[in-house]
Amino acid sequence: MKTIRNRIKGHRRVRAGDLVPHEFNYRVHPEQQRAALQALYEEVGFARSLLAYELPDGRLKLIDGHLRRDLDPDMQVDVEVLDVGDAEARTLLLSIDPLAGLAQTNAETHARLREITPARSAAVNALWDATVRNQAMAEASLAKAARPVPEQFLILIECRDEGQQIELLEKFQSDGLSCKALLS
């Protein structure tokens, strides 16, 4: 296996509002997510560093952690600083959340963890419930996509005008054929 480069340059503790948001951050954070993060801060505290890279002027530009930055701009946060440039930062910006989203949920383990881990907040409970719903929706979509497409045998008839199309459609339907009109 090829040696994987460690791009972590270090860690810094900075004021959240001093971090430069990435102009290509495409993730939006609805109120439900903000409430869940705030509730998690109240239940547990700050427990995950933000991810950034250093700009030529020394400021740190975010790759991951925009909601945490915006939730309390005056909070001191830990930032993992990477040794990457703009292009690599954009690659990470496009990849980190979707890559995490590919993980599947072991429903039995998740249910057991929920049993032994009470949440004090409705927002955190809603977050945990969404995990199960999202996994079920993803599995249903994948199952639907995996179903074989039944064979179809079709005939396309070019008509000289709309009147002929209507005439043929009515004739074929009266003959008991399943057909529909299309316009290109």
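All residue numbers here refer to positions counted from 1 along the written sequence of the relevant chain. Whole-chain, interface and lining totals are the exception, using all residues; otherwise, since this is a predicted model, local features are given only for residues with pLDDT of at least 70 and side-chain atom pairs are given and counted only at 80 or more. Hydrogens and water molecules were not included; the side-chain quantities draw on all heavy atoms of the structure.

Caption draft 1: Inspection of the pattern of salt bridges at higher detail. Criterion for a salt bridge: a side-chain nitrogen of Lys or Arg within 4 Å of a carboxyl oxygen of Asp or Glu. According to the stated counting rule, one finds 16 salt bridges in the structure shown. In this structure, Asp74 engages Arg15 in a salt bridge whose closest nitrogen and oxygen atoms are separated by 3.0 Å. Separated by 59 residues along the polypeptide, Asp74 in the loop between helix H2 (66-71) and strand S4 (76-82) and Arg15 in strand S1 (residues 8-15) bring together distant segments of the chain. Exposure classes here rest on a 1.4 Å probe applied to the protein chains alone. A residue is buried below 20% of its type maximum, exposed above 50%, and partly exposed in between. By relative accessible area, which is 28% here, Arg15 ends up partly exposed. Among the salt bridges present, the one from Asp129 reaches Arg114, with a minimum N-O distance of 2.8 Å. Here the residue Asp129 occupies a position in helix H5 (residues 122-146), and Arg114 occupies one in helix H4 (residues 107-116), the gap between them amounting to 15 residues. On the accessibility criterion, Asp129 (35% relative accessible area) is partly exposed. Secondary structure follows DSSP: runs of H or I at least 4 residues long count as helices, runs of E at least 2 residues long count as strands, and numbering of each begins at the N terminus.

Caption draft 2: Region of interest: the sheet that holds S4. By definition, two strands form a pair when at least two bridges between them are found by DSSP. Strand order across the open sheet formed by four strands is S1-S4-S2-S3, with mixed pairing between neighbours. Both edges of this open sheet fall to S1 and strand S3 (60-64), since each of them pairs with a single strand only. Averaged over all adjacent pairs, the angle separating strand axes in this sheet is 40°, with direction ignored. Relative to S3, strand S2 (residues 50-54) runs antiparallel, the two being bridged by four bridges. Residue pairing across strands places Glu54 opposite Leu60, the latter belonging to S3. Here a residue-residue contact requires only that any non-hydrogen atoms of the pair lie within 4.5 Å. Working convention: axes come from line fits to C-alpha atoms, limited for helices to the stretch in contact. Angles between N-to-C directions cover 0 to 180 degrees. Lying over the sheet, helix H3 (residues 86-101) contacts S2, S3 and S4, oriented at roughly 30° with respect to S3.

Caption draft 3: The packing of aromatic side chains, seen in detail. Two aromatic rings from Phe, Tyr or Trp, using only the six-membered ring of Trp, form a pair when their centres are within 6.5 Å; if the ring planes differ by under 30 degrees the pair is stacked, by over 60 it is edge-to-face, and anything between is tilted. All chains considered together, the criterion is met by one aromatic pair. Between Tyr41 and Phe46 the ring centres are 6.1 Å apart and the planes differ by 50°, which places this aromatic pair in the tilted class. Judged by relative accessible area, Phe46 falls into the partly exposed class, the value being 27%.

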